Amino acid sequence: MKLHINLFFILLTGSLGFAQDHSKELVYNTPNSQGLDSAYIYHKVDSIMTRGIHERAFPGAQLLVAKNNAIIYHEAFGYHTYDSLHAVSKKDLYDLASVTKIAGPLPVLMQLHDQGKLDLDQNFSYYWKPWRHRKDKKELTVREVLAHQAGLEPYIVFASKLIRKNGKLKRRFVRHHYSHIFSVKIYDSLYLHNRFYRKMKRIINRSNVSDEKKYKYSGLSFLLYPEIIKNITGVDYEDYVTDSIYRPMGANTLMFNPTGKYPDSLIVPTEIDNIFRNKTVHGWVHDENAGLMGGVSGNAGLFGTALDLAKLIYMYQNMGVYGNKRYISEATMKEFTKAQYAENDNKRALGFDKPLLNNSELSISQASPAPEVSPNSFGHGGFTGTYVWADPDNNLLFIFLSNRVYPNRSHRALYNLNIRPSLQQVFYRADEHE
């Protein structure tokens, strides 16, 4: 009887190399079930994570890796902060920072493309009318903008418009109490004038564009997508992505503004902010621009657990399917995840990041991500220390979450120690150590 049960388990998990049904939901299993060496993985990951904490790359972190439809590794390390009072939990909610770009507006834009409501080769100004009157922007295409090929400015520090030379906040923009004029909550007891977003849009519309069209990463358009999505669909961006993506796949911890929606003790803090909040940022978005939009933006603002984020990235890896439900067409997924302007030395896909064009030839210290990933792989990183990567050729999903910006953003050991590519590499080499 035991032999029959074991054989059934092997067939179910596919550990004998049988074809996996990638329409299934993610399930927990062991590295060995997918032909990988568990002892090797745990030893190597523990070593890299321990070093990262010891050298203050982050106070704590979490790693989730899935092979086929099995989560073969999910562990938490360290603490929320360096006082070592609050250990990291697998249920912790992280500020995903720029991972929001591919987890917030991008799945909606892909669905709109499927519906014929978003044309990649149409002028961006068709969907964002103010650019129709800007000579340097009116002919930029959606494809160029999403692939960071348009020449837009990388980032604008809008918070600087709120602060006087003496460091105090300008009362014409920020007050400490809610009113019908100061109605945008940007932190505890901080309320922004409800017309400030108009000022942000004017600055974006008037911002410079490079004459030369080459790869130049810019997050500016992602500040506009929430309004564009509402204009196209008639539904608020936050409601649309929640109802069409997160809720159907059971990714209920993917949310904006988690304070009051999720236990404070399970929300990982980010930075001790000295720009305008002057407190530890906890339960509110770290990115200042997203914060000035009330925490709901396309460039940042999304929070989530590793498990629920993995559901979304697994759907991408499976070319639009999760749990026997198709969210995005395979044709659209393939178009959005391929490098668009490789001939111009631009590695980027549409919204998604891609491996360096010569990534497989590089050392671990130069590669991005690990040299072993396939050219068809894709993902994105976040400023707070988050990183996701999907490799459909190898059926390998990688989720790394940390708050490397604690206590401040000057901490760069996460990059200097090559933590994330080194962790990723472990799972590509684990089959060599059986």
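So, how was this worked out
Residues numbered from 1 in each chain as written. Predicted model: local features only at pLDDT ≥ 70, side-chain atom pairs only at ≥ 80, totals over all residues. Heavy atoms only, no water. Salt bridge = Lys/Arg side-chain N within 4 Å of Asp/Glu carboxyl O. Buried < 20%, exposed > 50% of the residue type's maximum accessible area, 1.4 Å probe, protein only. Helix = DSSP H or I, 4+ residues; strand = E, 2+ residues; numbered from the N terminus. Lys, Arg positive; Asp, Glu negative; His and termini not counted. Polar contact = N/O pair within 3.5 Å; in protein donor to acceptor, adjacent residues only side chain to side chain. Contact = heavy atoms within 4.5 Å. Core = buried A, V, L, I, M, F, W, Y, C linked by side-chain atoms within 4.5 Å. Pairing = 2+ DSSP bridges. Phe/Tyr/Trp six-rings, centres within 6.5 Å; stacked < 30°, edge-to-face > 60°. Lys NZ or Arg CZ within 6 Å of the ring centre and 35° of its normal. UniProt positions renumbered as here; feature names shortened; annotations may be inferred. Axes fitted to C-alpha atoms, helices over the stretch in contact; angles between N-to-C directions. Parallel < 35°, antiparallel > 145°, perpendicular 65-115°, else oblique. Left-handed = near helix turned anticlockwise from the far one by under 90°. Nonpolar A, V, L, I, M, F, W, Y, C, P; charged D, E, K, R; others polar.

A. Fine view of the pattern of salt bridges. Applying the stated rule across the entire model yields 18 salt bridges. Salt-bridge contacts for Lys137 lead to Asp136; the nearest nitrogen and oxygen are separated by 3.7 Å. Residue Asp136 is classed as partly exposed on the basis of its relative accessible area of 34%.

B. Representation of the side chain of Arg404 in the model. Along the chain, the position of Arg404 falls in the loop between strand S14 (396-402) and helix H13 (413-416). Buried charge Arg404 goes without a salt bridge, the closest partner of opposite sign being Glu271 at 7.9 Å. Within the structure, the side chain of Arg404 is placed 3.4 Å from the side chain of Tyr415, a separation counted as a polar contact. Setting aside residues no more than four positions away along its own chain, Arg404 makes contact with Ala57, Phe58, Phe383, Thr384, Gly385, Arg409, His411, Arg412, Leu414 and Tyr415.

C. A look at the nonpolar core. Leu146, Leu292, Tyr316 and Ile399 are the most contacted members of the largest nonpolar core, which totals 90 residues. At eight residues, helix H11 (residues 306-317) tops the list of elements feeding residues into this core. Those residues in contact with Ile399, other than ones at most four positions away along the chain, are Gln62, Leu63, Leu64, Ala306, Leu309, Ala310, Ile313, Tyr387 and Val388. Membership of the second largest hydrophobic core comes to 31 residues, among which are Ile41, Phe58, Phe400 and Val426.

D. Broad picture of the environment of Thr259. Looking at the secondary structure, you find Thr259 in the loop between strand S8 (255-256) and helix H10 (288-291). Along the backbone, Thr259 and Trp284 are 25 residues apart, and their C-alpha atoms lie at a distance of 7.1 Å. Discounting residues that sit within four places of it in the chain, Thr259 has contacts with Asp264, Ile267, His282, Gly283 and Trp284.

E. A look at the pairing of strand S13 (residues 386-391). The buried count for S13 comes to six of six residues, which makes it a mostly enclosed element. Neither face of S13 is exposed, since Thr386, Val388 and Ala390 on one face and Tyr387, Trp389 and Asp391 on the opposite face are all buried. Strand direction decides the pairing type here: strand S12 (residues 378-382) and S13, joined by five bridges, are antiparallel. Residue pairing in the sheet places Gly381 in a bridge with Tyr387 of S13. Hairpin connection, S12 to S13: the antiparallel pair is bridged by three residues, and Gly385 has positive phi, about 110°. Both S13 and S14 contribute to a ladder of five bridges, which runs antiparallel. Note that in S14 the partner of Ala390 across the bridge is Leu397. Where S13 hands over to S14, the hairpin turn is made up of four residues, of which Asn395 adopts a positive phi near 50°.

F. How the structure looks around the packing of aromatic side chains. Across all of its chains, the model carries 17 aromatic pairs by this definition. Geometrically, the ring pair formed by Tyr126 and Tyr127 is edge-to-face, given 4.9 Å between the ring centres and 85° between the ring planes. Taking NZ or CZ as reference, Arg404 lies 4.5 Å from the ring centre of Phe383, over its face.

G. Spatial organisation of the UniProt feature "domain: Beta-lactamase-related" (unreviewed entry) in the protein. Within the UniProt annotation, "domain: Beta-lactamase-related" (unreviewed entry) is assigned to residues 46-413. Between the C-alpha atoms that bound residues 46-413 there is a distance of 17 Å. The span itself is 24% helix and 15% strand.

H. Spatial organisation of the packing of helix H4 (residues 105-114) against helix H8 (residues 225-233). Following both chains from N to C, one finds H4 and H8 inclined at 30°, their axes separated by 11 Å at the closest point. Relative to H8, the element H4 lies roughly parallel. Our pair here, H4 against H8, has a crossing hand that is left-handed. On the side of H4, the interface is formed by Pro105, Val108, Leu109 and Leu112, while H8 contributes Tyr225, Ile229, Ile232 and Thr233. When its residues are assigned to classes, the contact of H4 with H8 shows seven nonpolar, one polar and no charged.

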